[in-house]
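Structural features, examined
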Amino acid sequence: GSWISVHGEPYERPSMGAPLVKEGRWLQAADEIIVDEQAAILHRWTLGQSVDLSFNGDEHTFTIVGISVDPNIRDSGPVVYMPAPALLDLVPSQSLFYRIGIRLDDPESSEAFAGEVLSQFPDYEPILVRDWHWVKETSDSESRVITLFLGVFSSFALVASGLILFNTSIAT
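Predicted, not measured: the structure shown is a model, and the values here were computed from it. (Residues numbered from 1 in each chain as written. Predicted model: local features only at pLDDT ≥ 70, side-chain atom pairs only at ≥ 80, totals over all residues. Heavy atoms only, no water.)

This part is about the confidence of the model for the protein. Summary statistics for the protein give a mean pLDDT of 82 and a share of 84% for residues scoring 70 or more. Here helix H3 (residues 110–120) stands out as the element of the protein with the lowest mean pLDDT, 78, in contrast to strand E3 (residues 32–36), whose mean of 95 is the highest. (pLDDT = per-residue confidence, 0-100. Helix = DSSP H or I, 4+ residues; strand = E, 2+ residues; numbered from the N terminus.)

Structure, rendered in structure tokens:
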């Protein structure tokens with residue numbers, strides 16, 4: 001079998017940070033899953049299909065109730081979303097990864113808030129904290145690289161256009 005990332009989601013679709021279901025519906029029962037487009041294409045899964053997933057060597061059957069896209073996840077491989085309570089029943093807690101998003105009234109206090117949270121969980125390592133500064137820096141650096149490539153390719157396009165016009169004028 002192949003590896004697939006499994007994300008636990010609440011039964012009620014969150015207003016922020018949840019995948020967008022482009023086909024089907026949101027989760028309503030413990031034996032239902034939503035698969036992202038990459039998983040659907042890779043495994044040739046379709047809406048309404050029953051699929052077997054293995055957790056700790058035990059096979060469990062789920063019904064695909066939605067096909068999703070998630071703009072928050074990039075290049076992570078295929079993803080399956082299932083109800084968080086069902087996931088907690090299937091997987092030992094020490095092998096789970098938790099992601100929590102918090103919006104503060106004062107964004108500048110994010111570093112102090114993260115420090116306070118980390119101090120409350122000294123035995124849980126590693127805890128990775130990303131605040132809005134990191135997101136902005138990452139987005140800015142990615143944007144600079146993309147802008148650089150666009151500039152280089154635009155220059156090549158202008159030179160190529162100039163050469164075409166020059167050759168056309170010589171030929172006539």
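Locating Glu-32 in the fold gives a position in strand E3. Here Gln-28 takes part through its backbone nitrogen, which lies 2.8 Å from a polar atom of the side chain of Glu-32. (Polar contact = N/O pair within 3.5 Å; in protein donor to acceptor, adjacent residues only side chain to side chain.)

With that settled, consider a nonpolar patch on the surface. A contiguous nonpolar patch, built from Val-145, Leu-148, Phe-149, Val-152, Phe-153 and Phe-156 and spanning about 630 Å² of accessible area, is present on the exposed surface. Mapped onto the fold, Val-152 is located in helix H4 (residues 132–171). (Patch = residues over 30% accessible without salt bridge, like charges linked within 9 Å, V, L, I, M, F, W, Y side chains within 5 Å. Areas by Shrake-Rupley, 256 points an atom, 1.4 Å probe, with all protein chains shown as cover. Salt bridge = Lys/Arg side-chain N within 4 Å of Asp/Glu carboxyl O.)

One pass over the full model with this rule turns up 2 salt bridges. Ionic pairing is found between Arg-25 and Glu-32, a salt bridge with its closest N-O pair at 2.6 Å. Looking at Glu-32, the relative accessible area reads 10%, which means it is buried. (Buried < 20%, exposed > 50% of the residue type's maximum accessible area, 1.4 Å probe, protein only.)

The next subject is the side chain of Glu-9. Take Glu-9: it is sitting in strand E1 (residues 5–9). Since its relative accessible area comes to 7%, Glu-9 is described here as buried. Non-local contacts of Glu-9, meaning those with residues more than four positions away in its chain, are made with Pro-14, Pro-19, Trp-26, Leu-27, Tyr-81, Met-82, Pro-83, Ala-84 and Pro-85. (Contact = heavy atoms within 4.5 Å.)

Unlike most non-glycine residues, Arg-44 shows phi in positive territory, near 55 degrees. Examined against the element boundaries, Arg-44 turns out to sit in the loop between helix H1 (37–43) and strand E4 (50–55). On the accessibility criterion, Arg-44 (71% relative accessible area) is exposed.

A few words now on the nonpolar core. Ranked by internal contacts, the top residues of the largest apolar core, which has 18 residues, are Ile-33, Val-35, Trp-45, Phe-55, Phe-62 and Met-82. Of all the secondary-structure elements, those providing two or more residues to this core are E3, H1, E4, strand E5 (58–69), strand E6 (79–83) and helix H2 (84–90). Sequence-distant contacts of Val-35, defined by excluding residues within four places in its chain, comprise Ala-40, Trp-45, Ile-64, Gly-66, Ile-67, Ser-68, Val-79 and Val-80. Core analysis: the next-biggest nonpolar cluster, separate from the first, contains 8 residues, Ala-18, Trp-26, Val-65 and Val-79 among them. (Core = buried A, V, L, I, M, F, W, Y, C linked by side-chain atoms within 4.5 Å.)

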